[in-house]
Amino acid sequence: MTTPIPPSEGVLPPGAQGPPGSGAPPELEIDFPLRQRRWTVLVRLFLLIPQMIVVAVLGVGAGVTGVIGWFAALVTGRLPEWAEGFLRGYLAWYTRLAAYALLLTDQYPPFAFTAPDYPVRVAFAPAAPLNPVAVLFRLILAIPAAFVVTFVLYGWELFGFFAWLTVLFVGRTPPALFHATAAVVRYNLRYQTYLFMLTPGYPNRLFGDQPGPAGAEPARSHPDTTPHSTATPPTTAGTRPLYITGGAKVLLIVFIILGVLGFAGRIISNTVLTANHQLPTTSYTTDH
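Residues numbered from 1 in each chain as written. Predicted model: local features only at pLDDT ≥ 70, side-chain atom pairs only at ≥ 80, totals over all residues. Heavy atoms only, no water.

1. Topic: the overall build of the chain
Across its full length, the chain holds eight helices and three strands. The linear arrangement of helices and strands in the chain, starting from the amino end, is β-β-α-α-α-β-α-α-α-α-α. The buried share among the 288 residues of the chain stands at 45%. Contacts in the chain between residues far apart in sequence, at least 24 positions, make up 75% of those at least 6 positions apart. Surface accessibility of the chain: about 14,800 Å² in total, with carbon and sulfur atoms responsible for 69%. (Helix = DSSP H or I, 4+ residues; strand = E, 2+ residues; numbered from the N terminus. Buried < 20%, exposed > 50% of the residue type's maximum accessible area, 1.4 Å probe, protein only. Contact = heavy atoms within 4.5 Å. Areas by Shrake-Rupley, 256 points an atom, 1.4 Å probe, with all protein chains shown as cover.)

2. Structural notes on the nonpolar core
Leu177 and Phe255 are the most contacted members of the largest nonpolar core, which totals 59 residues. Only β2 (27-30), α2 (44-76), α3 (81-101), β3 (120-124), α6 (143-170), α7 (175-195) and α8 (246-278) provide two or more residues apiece to this core. For this core, the element with the highest residue contribution is α7, accounting for 11 residues. Once you skip the residues sitting within four places of it in the chain, Phe255 turns out to touch Phe151, Val152, Gly155, Trp156, Phe159, Leu177, Ala180 and Val184. (Core = buried A, V, L, I, M, F, W, Y, C linked by side-chain atoms within 4.5 Å.)

3. Comments concerning the packing of aromatic side chains
Evaluated as defined, the whole model comprises 16 aromatic pairs. Look at Trp70 and Phe71: their rings are 4.9 Å apart centre to centre, the planes differ by 80 degrees, and that puts the pair in the edge-to-face class. Seen from their ring centres, Tyr100 and Tyr108 are 5.3 Å apart, and the 80 degrees between their planes marks the pair as edge-to-face. Taken together, the ring pairs connect Phe86, Trp93, Tyr100, Tyr108, Phe111 and Phe113 into an aromatic cluster. (Phe/Tyr/Trp six-rings, centres within 6.5 Å; stacked < 30°, edge-to-face > 60°.)

4. Here we look at unusual backbone geometry
Only a minority of non-glycine residues have a phi that is not negative, and only a minority of peptide bonds are not trans. In this structure, Leu103 takes a positive phi of about 65 degrees despite not being glycine. Counting through the fold element by element, Leu103 comes out in the loop between α3 and β3. In this structure, Arg205 takes a positive phi of about 60 degrees despite not being glycine. Exposure remark for Arg205: the relative accessible area of 44% places this residue in the partly exposed category.

5. Remarks on a nonpolar patch on the surface
Residues Val133, Leu136, Phe137, Ile140, Leu141, Ile143, Phe147 and Tyr202 make up a contiguous nonpolar surface patch of roughly 730 Å² in combined accessible area. Those elements that provide at least two residues to the nonpolar patch are α4 (132-136), α5 (138-141) and α6. Among the secondary structure elements, Ile140 is positioned in helix α5. (Patch = residues over 30% accessible without salt bridge, like charges linked within 9 Å, V, L, I, M, F, W, Y side chains within 5 Å. Salt bridge = Lys/Arg side-chain N within 4 Å of Asp/Glu carboxyl O.)

6. Re the pattern of salt bridges
Within this structure, the stated rule accounts for 10 salt bridges. Glu29 is the partner of Arg121 in a salt bridge, and the nearest nitrogen-oxygen pair spans 3.7 Å. Remark: Glu29 occurs in strand β2 and Arg121 occurs in strand β3; sequence separation between them is 92 residues. We classify Arg121 as buried; its relative accessible area is 16%.

7. Remarks on α3
If you check α3, its first and last C-alpha atoms are 30 Å apart, about what 21 residues at 1.5 Å a residue would give, namely 30 Å. Counting buried positions along α3 gives 16 out of 21 residues, so the element sits mostly inside the fold. Leu103, located one to two residues past α3, shows a positive phi value of around 65 degrees. (Expected span 1.5 Å × (residues − 1).)

8. Comments concerning the pairing of β3
When you tally the buried positions in β3, you get five out of five residues, the bulk of the element. Burial along β3 is two-sided: Val120, Val122 and Phe124 facing one way and Arg121 and Ala123 facing the other are all buried. Examined bridge by bridge, β2 and β3 share four bridges and lie antiparallel to one another. Residue pairing in the sheet places Leu28 in a bridge with Val122 of β3. (Pairing = 2+ DSSP bridges.)

9. So, α8
Over its 33 residues, α8 runs 48 Å from end to end, which matches the ideal 48 Å to within 8%, given 1.5 Å per residue. All of the buried residues in α8 are Ala248, Leu251, Leu252, Phe255, Gly259 and Gly262.

10. Considering the confidence of the model for the chain
Here the chain averages 84 in pLDDT, while 80% of its residues score no lower than 70. Within the chain, α3 carries the highest mean pLDDT (97), whereas strand β1 (residues 10-11) carries the lowest (54). With pLDDT under 50 throughout, residues 1-8 is counted as low confidence; its partners more than four residues away or in other chains account for 17 contacts. (pLDDT = per-residue confidence, 0-100.)

11. Details of the packing of α7 against α8
Put simply, α7 and α8 touch, their axes get as near as 8 Å, and they point 50 degrees apart. In terms of their interaxial angle, α7 and α8 are classed as oblique. The handedness of the crossing between α7 and α8 comes out as right-handed. Across the interface between the two elements, Ala176, Leu177, His179, Ala180, Ala183 and Val184 of α7 pack against Gly247, Ala248, Leu251, Leu252 and Phe255 of α8. Broken down by class, the residue content of the contact of α7 with α8 amounts to nine nonpolar, two polar and no charged. (Axes fitted to C-alpha atoms, helices over the stretch in contact; angles between N-to-C directions. Parallel < 35°, antiparallel > 145°, perpendicular 65-115°, else oblique. Left-handed = near helix turned anticlockwise from the far one by under 90°. Nonpolar A, V, L, I, M, F, W, Y, C, P; charged D, E, K, R; others polar.)

Structure representation (structure tokens):
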């Protein structure tokens, strides 16, 4: 008799994203915030400190668990249930913290692995068999997605001051900024899920989901969402499904460009500084 794996906020039902056992990437569901309290936006960085300390400690445990799980998955083709449960809880906690830090919600995240009533929820697909070869070369296979995550997160950090000012003065997160940022958080979640071998599914859909046919199921993250057609995706709905508007796509492209330029500039500056430190020093003496 096996012990059921404790889900974080939920487990996607079989067939929700592909056939059963396909190992679909996790889904991220974020309720659209109608308002943000300006004082919490003003001191957001200070409010993050307790959560960041706890998540940093959990991150060490997640790293150790990931190494143990890698050896186990290499032999058995799947993670141990205890490792899968812990990593799911850690990633859900980490994602809630990231969403709060990036101004996607005004509600302070709980100190818990599971938070089904929190505005940011993660749903993982049922466990799927892992290819031992893909497990063996997981770090190499994850490199392209790692570059994407690095660029979009670094780009958001460079853009973050303007986002913070906007939310501070307006008192809410504009829809385009909300969906672009949610896309970044969701892609990072899917990258981490793949890296920790919780799914064989490669991270995808940075630019959002495709609207379904007219009359399809509406987004489930926002209570006021109504059925929509392919011509008019919602602009203030939540993120499941995640429909990216034109303005949000422009912001995502801005994040990527800023991330690439900032990352390249950082490498160049570090190279120049290293070269300057390695230059031989010449002492000049003057005869009197």
